[in-house]
Each structure stands twice: as C-alpha cells, then as structure tokens.
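Observations on the three-dimensional arrangement
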Amino acid sequence: YLIIFAIIGLSLNMFAQPSLDIEPRRVTFENIFNRYDYTNLINKGNQVLRIDSLSLTKSFYIIDFENAQQLPLFINPDDTVKVNITLTNFYNITVSDTTDTIWVYSNDPESPRDLRIKIDFFDDDYEEEIFEIEKVELDEDELLTFLNEYYTINPNKLPKSEFY
C-alpha cells in the first residue's frame, strides 16, 4: 500500500502548478489625454507563480507594479498583482505604431503570455469629430483651447506662417 500512496502523491504533485491569467488581456489608449491604464496578473494555479520578466517591443510605456514591487514577482495561488501601464513618448507614435504586445515570462507552463496594447489616436472617426467641433461657434477662449489641442494632436497640420 505504501507504494500506491507514493505513486498517487507524486502524480498529484505533478498536477500542482501555477497558472497565469492576465485581466484585462487588452489595454487600449483612446486619446493622448488618457495615458494611464492597468491590468492584473492573477495566479489561478495552486502553486506560487514567479513572474521573471516583461518584454516590450516598443519603448512607449512605463510599467510598474502596485506597492512598488520589483521583478521577480512572486504571486501566491488565487492572488493578484496590479500592473500600471503609462503611455509615454506619445508624440513620437506614428500610424504604424498603434499595436504592441508585452510578453510576460513566468514559471507558468504556458509562458510567455501576451498582453495586447492598442493605441487608437489615429482612428478615422477622430477626424470626423474634429470636423464636427469646427462647425460649432466658439468664443475666443474656446477657440484658442480647441486650436491648441488640435495642433498638439496634429502638428503636421500647422498653418504656414507668412512671417518666416
């Protein structure tokens, strides 16, 4: 009987493993005024999850963890760590840079896991919204505010000056 209990004990231990779940799995930055978002790293397994590293393909983000935790992270079963994602360097983002993936490396058997990031600054509907706003009558202060925001988002559309 001792051999049977040893085999059962070893086989149960083989199924004990961490399991990383990322929620939400996709983060979307919809405009330059909303540059902060977050996601959660959740250990849905029955062993301690070790997050070794994160890999970013572009340098548009600052990633930090709640309570100033540092890598490697150790997440207990059924526990969560919040990951803050701050979009930086947004003025250098081009139309071709609107999607990205952050890879999360861990001791999860399915590592690495992906976190998708989408930047919607260049959505076609945005120009239509600008056009609609331009039809509204604005007082001088509102007009200056609008022009400042518009040319901050669209610097290539600055009018040519006759005073160069």
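Scope of this entry: the structure provided in the associated data block. Remember, it's a predicted structure, so these values are computed and weren't measured experimentally.

Cut-offs and rules
Residues numbered from 1 in each chain as written. Predicted model: local features only at pLDDT ≥ 70, side-chain atom pairs only at ≥ 80, totals over all residues. Heavy atoms only, no water. Pairing = 2+ DSSP bridges. Helix = DSSP H or I, 4+ residues; strand = E, 2+ residues; numbered from the N terminus. Axes fitted to C-alpha atoms, helices over the stretch in contact; angles between N-to-C directions. Core = buried A, V, L, I, M, F, W, Y, C linked by side-chain atoms within 4.5 Å. Buried < 20%, exposed > 50% of the residue type's maximum accessible area, 1.4 Å probe, protein only. Contact = heavy atoms within 4.5 Å. 1 Å grid on protein atoms, 1.4 Å probe; cavity = no way out; pocket = protein on both sides within 12 Å on 5 of 7 lines; lining within 4 Å. Points joined across faces, edges and corners; volume = space filled by probe spheres on them. Salt bridge = Lys/Arg side-chain N within 4 Å of Asp/Glu carboxyl O.

Focus on the sheet that holds strand β9 (residues 113-119)
With mixed pairing, the 5 strands of this open sheet are ordered in space as β2-β9-β8-β4-β6. Here the strands that pair on one side only, and so sit at the sheet edges, are β2 (26-29) and β6 (73-75). The sheet shows a mean angle of 30° between the axes of neighbouring strands, taken without regard to direction. For β2 and β9, the ladder comprises 4 bridges, and the chain directions are parallel. For T28, the partnering residue across the bridge sits in β9 and is K118.

Focus: unusual backbone geometry
For the bond running from L71 to P72, omega is 0°, close enough to zero to count as cis. Here P72 lies in the loop between β5 (61-65) and β6. Backbone torsion omega between S111 and P112 reads 0°, so that peptide bond is classified as cis. With respect to the secondary-structure elements, P112 resides in the loop between β8 (99-106) and β9. Notably, N67 is not glycine yet its phi reads approximately 60°, a positive angle. Inspection of the secondary structure puts N67 in the loop between β5 and β6. Even without a glycine there, the phi angle at A68 is positive, about 55°.

Let's talk about the nonpolar core
Counting 22 residues, the largest nonpolar core has L20, F29, L41, I51, Y61, I85 and L87 as the members making the most contacts within it. No other element matches strand β7 (residues 80-87), which puts 4 residues into this core. Leave out the neighbours within four places in its chain, and I51 touches L20, L41, L71, P72, L73, I75, V104, Y105 and S106.

Focus: empty space enclosed by the protein
Under the definition given, this model contains 2 cavities of 30 Å³ or more. Estimated volume of the largest cavity: approximately 60 Å³. In terms of lining, the largest cavity is formed by I22, T39, L41, L54, I63, V83, I102, V104 and L115. Those elements giving two or more residues to the lining of the largest cavity turn out to be β3 (36-43) and β8.

Description of the side chain of S106
As for its placement among the helices and strands, S106 is situated in strand β8. Not counting the four nearest positions on each side in its chain, S106 is found in contact with L20, L49, R50, I51, D52 and S111.

So, the pattern of salt bridges
Opposite charge on two side chains permits pairing when their charged atoms draw close. In this structure the tally under the stated criterion is 7 salt bridges. In this structure, D21 and K44 form a salt bridge, with 3.1 Å as the shortest nitrogen-oxygen distance. On the criterion of sequence distance, the pair formed by D21 in strand β1 (residues 20-23) and K44 in the loop between β3 and β4 (49-56) is long-range, its members being 23 residues apart. Take K44: its relative accessible area is 49%, and that puts it in the partly exposed class. Of the charged contacts in the structure, one is a salt bridge between D114 and R25, with a shortest N-O distance of 2.7 Å. Of this pair, D114 sits in strand β9 while R25 is found in the loop between β1 and β2, placing the two residues 89 residues apart along the sequence.

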